[in-house]
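Listed below are the residues making up each chain.
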2 protein chains.
Amino acid sequence: MLEVKNLLNEVNSVDELYVYKKIARMNGNVLSVVQVADRTLDFHVHENSDEMFCVLEGSFELETSEGLIPLKAGEFIIVPKGTMHRPVVKELAKFLMVEFEGTLNKENSGDKYED
Amino acid sequence: MLEVKNLLNEVNSVDELYVYKKIARMNGNVLSVVQVADRTLDFHVHENSDEMFCVLEGSFELETSEGLIPLKAGEFIIVPKGTMHRPVVKELAKFLMVEFEGTLNKENSGDKYED
């Protein structure tokens, strides 16, 4: 039942961009990994869940009402619930994401984007 | 309010072994980092929280009723609540730990140990 997983191996096993792979669950949260490039999501809010972005490889910027916050590999940020935000990704970046199960949907996790 | 943290920098900023440094909170969980060497905790159970061990540097073994599970840097494991376990650490290992706030205490996080 207890399974060891390697974060980089998990994200590298996803062979398409923008596909969230759920790799574990803990205390009601889902851990997922995703590869993203050249994508800026619409601003959105998760009303019921904090959200963690941890960069496994590459870099990106998290944009909030206060501006752009740069993050690179080895760094993480937690976006408190109710905080408007969007990831701004240029070069390929590989992420670990954590949020309550059911938080991500088509509206906030990749079906909508702008150049 | 939103703060970027580097996992390795955080754990390297703790200059004593066995000291848990809380670096963030999310959805009721605490993220903490700790450096450990030459320590085997007593077997214990967290009745109300899953627990994540993520190895930032080094390696260790997680022991359950089914035996020893080796983990090395870049790997993680989630111990479901109610599961008897203990970390077995020989060489220096640096961890990210995640569990519900209030889960760790003197009984299960380092005040008791055996050789």
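Let us look at the structure shown here.

Rules of the game
- Residues numbered from 1 in each chain as written.
- Chains lettered and ligands numbered in written order.
- Predicted model: local features only at pLDDT ≥ 70, side-chain atom pairs only at ≥ 80, totals over all residues.
- Heavy atoms only, no water.
- Helix = DSSP H or I, 4+ residues; strand = E, 2+ residues; numbered from the N terminus.
- Buried < 20%, exposed > 50% of the residue type's maximum accessible area, 1.4 Å probe, protein only.
- Contact = heavy atoms within 4.5 Å.
- Areas by Shrake-Rupley, 256 points an atom, 1.4 Å probe, with all protein chains shown as cover.
- Least-squares fit on C-alpha atoms with pLDDT ≥ 70 in both.
- 1 Å grid on protein atoms, 1.4 Å probe; cavity = no way out; pocket = protein on both sides within 12 Å on 5 of 7 lines; lining within 4 Å.
- Points joined across faces, edges and corners; volume = space filled by probe spheres on them.
- Nonpolar A, V, L, I, M, F, W, Y, C, P; charged D, E, K, R; others polar.
- Buried area = accessible area lost by both parts, 1.4 Å probe.
- Salt bridge = Lys/Arg side-chain N within 4 Å of Asp/Glu carboxyl O.
- Polar contact = N/O pair within 3.5 Å; in protein donor to acceptor, adjacent residues only side chain to side chain.
- Phe/Tyr/Trp six-rings, centres within 6.5 Å; stacked < 30°, edge-to-face > 60°.
- Lys NZ or Arg CZ within 6 Å of the ring centre and 35° of its normal.

## As for the overall build of chain A
When helices and strands are counted, chain A shows one helix and 10 strands. Along chain A, helices (α) and strands (β) appear in the sequence β-α-β-β-β-β-β-β-β-β-β when read from the amino end. Here the C-alpha coordinates of chain A stretch approximately 40 × 30 × 25 Å along the principal axes. Relative to its full complement of 115 residues, chain A shows a buried share of 52%. Long-range contacts, defined here as pairs at least 24 residues apart, represent 66% of the contacts in chain A between residues at least 6 apart. On chain A, roughly 5,700 Å² of surface is accessible, and the fraction owed to carbon and sulfur atoms is 47%.

## Structural notes on the relation of the copies chain A and chain B
Overlay of chain A on chain B (RMSD 0.0 Å): rotation 180°, translation along the axis 0.0 Å. Overall, the copies show the geometry of a two-fold rotation axis. Residue asparagine 27 of chain A, judged by its C-alpha, is the member of chain A lying nearest the rotation axis, at 4.4 Å. Here 100% of the contact residues of chain A are again contact residues in chain B; the copies associate through an equivalent surface.

## Here's the deal with the layout of surface pockets
Estimated volume of the largest pocket: approximately 380 Å³. Contributing elements (two or more residues each) for the lining of the largest pocket: α1 (7-12) and β5 (51-57) of chain A together with α1 (7-12) and β5 (51-57) of chain B. Grouping the constituent residues of the lining of the largest pocket by class yields 16 nonpolar, four polar and no charged.

## Overview of the interface of chain A and chain B
Contact with chain A, which involves 36 residues of that partner, is made by 36 residues of chain B. The contact between chain A and chain B buries some 2,700 Å² in all, and 69% of this surface belongs to carbon and sulfur atoms. Looking only at chain A, the three residues that lose the most surface to chain B are Leu2, Asn27 and Phe76 of chain A, adding up to 26% of its buried area. Applying the counting rule to chain A against chain B returns zero salt bridges. At the surface where chain A touches chain B, the tally comes to 10 residue pairs in polar contact (both at pLDDT 80 or more). Of all elements in the fold, only β1 (5-6), β2 (21-26), β3 (29-36), β5, β6 (59-64), β7 (67-72), β8 (75-79) and β10 (93-100) of chain A reach the threshold of two or more residues within the side of chain A that touches chain B. Per element, the largest residue contribution to the side of chain A that touches chain B is five residues, and it comes from β8 of chain A. Classifying every residue of the side of chain A that touches chain B by side-chain character gives 22 nonpolar, seven polar and seven charged.

## Side note on the packing of aromatic side chains
Counting across every chain of the model gives six aromatic pairs over all chains. For the pair phenylalanine 53 of chain A and phenylalanine 95 of chain A, a centre-to-centre distance of 6.4 Å together with 75° between the ring planes defines the contact as edge-to-face. On the criterion of sequence distance, the pair formed by phenylalanine 53 of chain A in strand β5 and phenylalanine 95 of chain A in strand β10 is long-range, its members being 42 residues apart. For the pair phenylalanine 53 of chain A and phenylalanine 95 of chain A, a shared accessibility class is recorded, and that class is buried. Chaining the aromatic ring pairs together yields one cluster made of Phe53, Phe60 and Phe95 of chain A. One Lys or Arg, arginine 39 of chain B, reaches over the ring of tyrosine 18 of chain B and ends 3.5 Å from the middle of that ring.

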